[in-house]
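# Residue-level structure breakdown
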Amino acid sequence: RNPRDIVREIEHLVADGVVEVMLLGQNVNSYGKTLEEPMTFAQLLQEVEKIEGLERIRFMTSHPKDLSDELIEVMKNSKKICRHLHLPLQSGSSEILKKMNRKYTKNQYLELVEKIRKAMPDISLTTDIIVGFPGETEEDYQASRAFAEEIGFSKIHVFPYSPKKGTPAAARKDQLQNAVKQERSHDLITVSDRMTDAFLQKHVGKVMPVLFERCIGDDVYEGHTTNYMKVHARSTKDLSNVIADTKILSVAEEMAFGEVEA
């Protein structure tokens, strides 16, 4: 898409009251390479940042193989880009990553994460992991599990592998049984739940700006922090589409509960 069209669309949304936008693509990092006047995704973000009245910018999904130093620097210096990055890992086994044709190794992914966290220590990282890819051994799975715990994601989206017609993986003879895939999925979800709880617990007692999106009933409003924590808070005032400083009081079931500061 032409960057001017994207900026114009967001300007119209902001004029209509929108305060946060999401830039969405299969791989946003590849944006702009085929434009008549090439532009990087980082440069597009800088143009979007200039829009008056826009408070927050989110984007997904980023492919680890081409997340640039330029993008990290733009995120670091931005006052509007949210401190959350969805960075699909897919496997913590370099052997499986190679079979998936992901174009990076486990160590390269770790180096990228370290670079991101050095620039933005407060960022939250979420990821996707596929379990049960053809040929995945128990050793491969345990490598994924251990690597995810080493990284310390705020959430893992777990997917049991399912064959897609016409892909090289679907034609492989070493498909895993569904029972194995389900067992590994349930195990990794347990790991994810534990990491999410640890991530949320770190924020108890902190005051954080929350964009409240909607009232879910009984004067309870739901919203998100910049690092994508879901927050519920009670208020007699209408908080819909309002960013309000909120003290995090407790957490439970992948959610934080807070009190809006006076």
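Here is a short report on the structure shown in this document. Counting restarts for each chain: residues are numbered from 1 in the order of the written sequence. Where local features are concerned, this predicted model is filtered to residues with pLDDT of at least 70; where side-chain atom pairs are given and counted, the filter is 80 or more; whole-chain, interface and lining totals use all residues. The side-chain figures draw on all heavy atoms in the structure; neither hydrogens nor water molecules are used.

### Overview of the pairing of strand β10 (residues 255–260)
What counts is decided by this rule: Strands are treated as partners if at least two bridges between them are detected by DSSP. Each helix is a run of H or I in the DSSP string that is no shorter than four residues. Each strand is a run of E no shorter than two, and both are numbered from the N terminus.
With three bridges connecting them, strand β8 (residues 230–234) and β10 associate as parallel partners. The residue of β10 that forms the bridge with V231 is A256. As paired elements, strand β9 (residues 242–252) and β10 share six bridges and run antiparallel to each other. In the strand pairing of β10, V251 is matched with A256. Adjacent in sequence and paired antiparallel, β9 and β10 are bridged by two residues, among which E253 carries a positive phi angle near 50°.

### Focus: helix α7 (residues 178–201)
Spacing of three or four residues puts side chains on the same side of an α-helix, whose turn is 3.6 residues. Note the following rule: Take the number of residues in a helix, subtract one, and multiply by 1.5 Å to get its expected span. Any two residues whose heavy atoms approach within 4.5 Å are treated as being in contact.
Between the first and last C-alpha of α7 there are 34 Å, a value that for 24 residues agrees with the 34 Å anticipated at 1.5 Å per step. In this fold, the buried residues of α7 make contact with β4 (124–131), α6 (138–151), β5 (155–160), β9 and β10.

### Quick look at the sheet that holds β10
Test applied: Every axis corresponds to a line fitted to the C-alpha atoms, with the helix fit spanning only the stretch in contact, and the corresponding angles, defined between N-to-C directions, vary from 0 to 180 degrees.
The strand order around the closed barrel formed by five strands is β6-β7-β8-β10-β9, and the pairing between neighbours is mixed. Strand-to-strand twist of the sheet, defined as the mean angle between neighbouring strand axes without regard to direction, takes the value 50°. In the sheet, strand β6 (residues 207–217) pairs with strand β7 (residues 220–225) via six bridges, with the strands oriented antiparallel. The partner of L211 across the bridge, within β7, is H224.

This is a description of form; function is not addressed.
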